[in-house]
Amino acid sequence: QSDDELRRHLRDSADPIAQQLARVRGTAEFGLRARLNVPDIFAYLVEALPELRAQRDAAFSDGRSPGHHERIALGMQVERALGLLRERHAAQLLPALTPVCIDICRNPPRTAVELLSLACLVRRVDQPAFEDALAEAASEVDDDVTFELGGPWAPHHFCSNQFMSGDGDVRD
């Protein structure tokens, strides 16, 4: 872009930029990950869920190797069980954090053992309350779940780099 195009874009985007800056003024972003701290996620789920264990045992009964469709069905059950486990932990943690956060962005898990990946927008003055709420909620979670808190950072998950131009087009 030329200098003139950049100036025009900034002038056209001044209001959305100002609104976003006002929203995040005095805030910080914290990254929060909850991970299942187990050596084998499949073994953990099979041990924790009798119905999954029964399906696994049936698929491998008599020392046979399960067929393609049985392996797919078992994999789908594992994925469903992992999704339910993630939702259970979200249901435990999010209500405790919501009162001390302006906004929470739930990101997709990066690994099988990652239960939650959150970006939390917190007023800087509320950081101690946020940390206390997290500690209290974490104390209620199973011992095999570990938490990793990162930040404070600039609130990049809560600002967009897309702005409406004066002609109504979305610009990056």
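Residues numbered from 1 in each chain as written. Predicted model: local features only at pLDDT ≥ 70, side-chain atom pairs only at ≥ 80, totals over all residues. Heavy atoms only, no water.

Colleague: Can you walk me through the environment of histidine 156 in this structure?
Modeller: In this structure, histidine 156 sits in the loop between strand 4 (145-153) and strand 5 (163-164). Residue classification places histidine 156 among the exposed positions, given a relative accessible area of 51%. In this structure, the C-alpha to C-alpha distance between histidine 156 and serine 65, residues 91 residues apart in sequence, is 49 Å. (Helix = DSSP H or I, 4+ residues; strand = E, 2+ residues; numbered from the N terminus. Buried < 20%, exposed > 50% of the residue type's maximum accessible area, 1.4 Å probe, protein only.)

Colleague: Before we go on, may I ask you to explain the layout of surface pockets in this structure?
Modeller: If a probe the size of a water molecule is rolled over the atoms, the empty space left behind becomes visible. Reported here for the largest pocket is a volume of approximately 240 Å³. The wall of the largest pocket is formed by 16 residues, among which Gly31, Arg33, Arg110, Ser117 and Trp153 lie closest to the centre. Mapped onto the lining of the largest pocket, the elements with two or more residues apiece are strand 1 (27-36), strand 3 (114-123) and strand 4. Here the lining of the largest pocket is composed, by residue class, of 6 nonpolar, 6 polar and 4 charged. As a volume, the second largest pocket reaches approximately 180 Å³. The wall of the second largest pocket is formed by Tyr44, Leu45, Ala48, Leu49, Glu51, Leu52, Gln77, Arg80, Ala81, Leu84, Leu85 and Arg88. Considering every element that reaches the lining of the second largest pocket, the biggest residue donor is helix 5 (residues 68-97), with 6 residues. Partitioned by chemical class, the residues of the lining of the second largest pocket number 8 nonpolar, 1 polar and 3 charged. (1 Å grid on protein atoms, 1.4 Å probe; cavity = no way out; pocket = protein on both sides within 12 Å on 5 of 7 lines; lining within 4 Å. Points joined across faces, edges and corners; volume = space filled by probe spheres on them. Nonpolar A, V, L, I, M, F, W, Y, C, P; charged D, E, K, R; others polar.)

Colleague: How should the packing of helix 5 against helix 6 (residues 127-139) be read in this particular structure?
Modeller: In a pair of packed helices, the angle between the axes and the distance between the axes together describe the arrangement. Contact geometry for helix 5 and helix 6: axes closest at 9 Å, N-to-C directions at 155 degrees. It follows that helix 5 is roughly antiparallel to helix 6 by the angle criterion. Here helix 5 runs over helix 6; the crossing is right-handed. On helix 6, the residues that touch Leu93, Ala96 and Leu97 of helix 5 are Phe130, Ala133, Leu134 and Ala137. Counted by class, the contact of helix 5 with helix 6 contains 7 nonpolar, no polar and no charged residues. (Axes fitted to C-alpha atoms, helices over the stretch in contact; angles between N-to-C directions. Parallel < 35°, antiparallel > 145°, perpendicular 65-115°, else oblique. Left-handed = near helix turned anticlockwise from the far one by under 90°. Contact = heavy atoms within 4.5 Å.)

Colleague: It is not clear to me how the pattern of salt bridges should be interpreted in this structure. Could you clarify?
Modeller: Charged atoms that come close allow side chains of opposite charge to pair. Under the definition given, this model contains 11 salt bridges. Put simply, glutamate 70 and arginine 64 hold a salt bridge, and the shortest N to O gap is 2.7 Å. The class for arginine 64 is partly exposed, based on a relative accessible area of 34%. In this structure, arginine 88 and aspartate 142 form a salt bridge, with 2.8 Å as the shortest nitrogen-oxygen distance. With arginine 88 in helix 5 and aspartate 142 in the loop between helix 6 and strand 4, the pair connects residues that are 54 residues apart, well separated along the chain. A relative accessible area of 34% places aspartate 142 in the partly exposed class. Connected through shared salt-bridge partners, Arg33, Arg35, Glu114 and Glu148 make up one network. (Salt bridge = Lys/Arg side-chain N within 4 Å of Asp/Glu carboxyl O.)

Colleague: For this particular structure, what's the right way to read the pairing of strand 3?
Modeller: Side chains on a regular strand alternate between the two faces of the sheet. Across the 10 residues that make up strand 3, a large majority, 9, are buried. Sheet topology places strand 1 next to strand 3; 9 bridges connect them, and they run antiparallel. When the sheet's bridge partners are listed, alanine 34 is paired in strand 3 with leucine 116. Taken together, the 5 bridges between strand 2 (residues 103-107) and strand 3 define a ladder with antiparallel strand orientation. (Pairing = 2+ DSSP bridges.)

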